[in-house]
Amino acid sequence: MEQADVELRNATYSMFVELGRAPTAADVGNRLRLGRTDVVAGWRRLHDSHALVLNQHTDEIRMANPFSAVPTAYRVSAGGRSWYANCAWDAIGICAALHVDGMIESSCPDCGEAISLHVVDALPNDEALFFHCLVPASRWWDDIVFT
Amino acid sequence: MNLFRSEAHIDNWLGGRTPGATITVRRLCDLAHDWWGDRLDPEWQPHTREQNQAILDDLGLTGELWRLA
């Protein structure tokens with residue numbers, strides 16, 4: 001990966017944290033003094049290397065894993081801010097990436113009962129919960145949104 | 001990749017589909033911190049597949065479902 005793409009990726013992630021939402025190409029372009037075309041071209045290279053995920057129809061950010069650009073079943077509050085995560089693994093991953101404690105709000109996919117999980121010092125407050133991964137790792141990127 | 005209230009809820013949710021892998025939320029916390037902990041570091045560099053596989057292996061996630069390739 002070229003260093004310029006690493007810098008584009010890092011700016012995109014930083015702004016996702018700062019804004020509490022996915023930055024637009026214009027947001028990142030203003031930060032890095034790049035035109036939208038250059039930002040999108042870089043994002044496409046990052047998408048191809050699985051460093052982030054674009055909405056293929058709009059060229060806007062869909063995922064900057066573990067962050068989700070769209071509402072999901074996993075809402076994470078941490079450090080006085082909140083974001084959506086792509087899945088349960090990513091929800092805890094937001095706390096991990098920020099190096100802070102956090103709270104994950106979701107619901108059991110089977111029964112719909114609310115789940116509130118606190119992550120404190122990298123540990124869960126409710127050890128009765130279980131995580132299930134349905135898709136084999138070798139196929140995660142076949143359809144990362146489904147995964 | 002979801003959280004469930006219990007293993008029984010996973011079985012019920014699967015409804016006869018082939019199961020994937022189930023781990024405790026404690027282990028998921030370990031996995032999430034090892035996998036995502038560097039994601040916002042200023043010196044971040046992309047992980048190789050081998051680095052990611054090593055994270056899984058080191059946590060004992062060694063079954064076929066956890067093979068990245």
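First, a word on scope: everything that follows refers to the structure included in this document. (Residues numbered from 1 in each chain as written. Chains lettered and ligands numbered in written order. Predicted model: local features only at pLDDT ≥ 70, side-chain atom pairs only at ≥ 80, totals over all residues.)

Considering the overall build of chain A
Per the secondary structure count, chain A includes 4 helices and 9 strands. Ordering the α and β elements of chain A from the N terminus gives α-α-α-β-β-β-β-β-α-β-β-β-β. What you see for chain A is a C-alpha radius of gyration of 16 Å, in line with the 15 Å of a compact globule of 147 residues. Along the longest, intermediate and shortest principal axes, the C-alpha atoms of chain A span 50 × 35 × 25 Å. The proportion of buried residues among the 147 residues of chain A is 39%. Contacts in chain A between residues at least 24 apart in sequence constitute 30% of all its contacts with a sequence separation of at least 6. (Helix = DSSP H or I, 4+ residues; strand = E, 2+ residues; numbered from the N terminus. Rg over C-alpha atoms; globule rule 2.2 N^0.38 Å. Buried ≥ 20, exposed ≤ 12 C-beta atoms within 10 Å, placed from the backbone. Contact = placed C-beta atoms within 7 Å.)

Some details on the sheet that holds strand S9 (residues 130-133) of chain A
Judged by pairing direction, the sheet is antiparallel, and its 3 strands sit side by side in the order S1(B)-S9(A)-S2(B) without closing on themselves. The open sheet terminates on both sides in strands that have one partner only, identified here as strand S1 (2-4) and strand S2 (21-24) of chain B. Across this sheet, the average inter-strand angle for adjacent strands is 30°, counted without regard to direction. The pairing of S9 of chain A with S2 of chain B spans 4 bridges and is classified as antiparallel. Residue pairing across strands places phenylalanine 131 of chain A opposite isoleucine 23 of chain B, the latter belonging to S2 of chain B. Lying on the sheet, helix H2 (residues 25-36) of chain B is in contact with S9 of chain A together with S1 and S2 of chain B; it crosses S2 of chain B at an angle near 95°. (Pairing = 2+ DSSP bridges. Axes fitted to C-alpha atoms, helices over the stretch in contact; angles between N-to-C directions.)

Points about the interface of chain B and chain A
Across the boundary between the two partners, chain B contributes 37 residues, which contact 42 residues of chain A. Listing elements by their share of the side of chain B that touches chain A, those giving two or more residues are S1, helix H1 (7-14), S2 and H2 of chain B. Class assignment for the residues of the side of chain B that touches chain A results in 22 nonpolar, 10 polar and 5 charged. (Nonpolar A, V, L, I, M, F, W, Y, C, P; charged D, E, K, R; others polar.)

Structural notes on the packing of helix H2 (residues 25-32) of chain A against helix H3 (residues 36-48) of chain A
All names here are of chain A. Interaxial distance between H2 and H3 falls to 9 Å at its minimum, and their mutual angle equals 105°. Of the possible angle classes, the one that applies to H2 and H3 is roughly perpendicular. Across the interface between the two elements, Ala25, Ala26, Val28 and Gly29 from H2 touch Arg36, Val39 and Val40 from H3. Class assignment of the residues belonging to the contact of H2 with H3 gives a composition of 5 nonpolar, 1 polar and 1 charged. (Parallel < 35°, antiparallel > 145°, perpendicular 65-115°, else oblique.)

Focus: the sheet that holds strand S7 (residues 114-120) of chain A
Residue and element names in this part refer to chain A. Taken in spatial order, the 8 strands line up as S1-S2-S3-S5-S4-S6-S7-S8 in an open sheet, and their pairing is antiparallel. The open sheet is flanked by strand S1 (53-54) and strand S8 (123-124), the only strands paired with a single partner. Here strand S3 (residues 67-68) runs beside strand S5 (residues 81-85); their pairing, made up of 2 bridges, is antiparallel. Paired with phenylalanine 67 across the bridge in S5 is alanine 85.

A word on the nonpolar core
Residues and elements named next belong to chain A. Of all hydrophobic cores here, the largest spans 52 residues; its most connected members are Ile92 and Ile94. Ranked by residue count, the leading element in this core is helix H4 (residues 88-98), at 9 residues. Viewed by domain, this core spans two of them, domain 1 (3-64) and domain 2 (70-147), each represented by three or more residues. With sequence-adjacent residues up to four places away left out, isoleucine 94 is seen in contact with Pro66, Phe67, Val76, Ala78, Trp83, Ala85 and Gly102. (Core = buried A, V, L, I, M, F, W, Y, C linked by C-beta atoms within 7 Å. Domains from an automatic or database assignment.)

With respect to the packing of helix H1 (residues 3-19) of chain A against H3 of chain A
Residue and element names in this part refer to chain A. One can describe the packing of H1 onto H3 by two numbers: an axis separation of 10 Å at closest approach and a directional angle of 95°. The orientation of H1 with respect to H3, classified from their angle, is roughly perpendicular. Along the contact surface, H1 presents Asp5, Leu8 and Arg9, while H3 presents Val39, Gly42, Arg45 and Leu46. Broken down by class, the residue content of the contact of H1 with H3 amounts to 3 nonpolar, 1 polar and 3 charged.

Regarding the environment of tyrosine 84 of chain A
Residues and elements named next belong to chain A. Inspection of the secondary structure puts tyrosine 84 in strand S5. Through-space distance from the C-alpha of tyrosine 84 to that of glutamate 113 is 19 Å; in sequence the pair is 29 residues apart. Among residues more than four places away in sequence, those in contact with tyrosine 84 are Ser68, Val70, Pro71, Thr72, Tyr74 and Arg75.

What about unusual backbone geometry?
Residue and element names in this part refer to chain A. In this structure, proline 66 follows asparagine 65 across a cis peptide bond, with omega equal to 15°. Its location among the elements puts proline 66 in the loop between strand S2 (61-64) and S3. Here arginine 33, not a glycine, exhibits a phi torsion of approximately 60°, which is positive. With respect to the helices and strands, arginine 33 occurs in the loop between H2 and H3. In the Ramachandran plot, alanine 122 falls in the positive-phi region, its phi being about 70° despite a non-glycine side chain. As for its placement among the helices and strands, alanine 122 is situated in the loop between S7 and S8.

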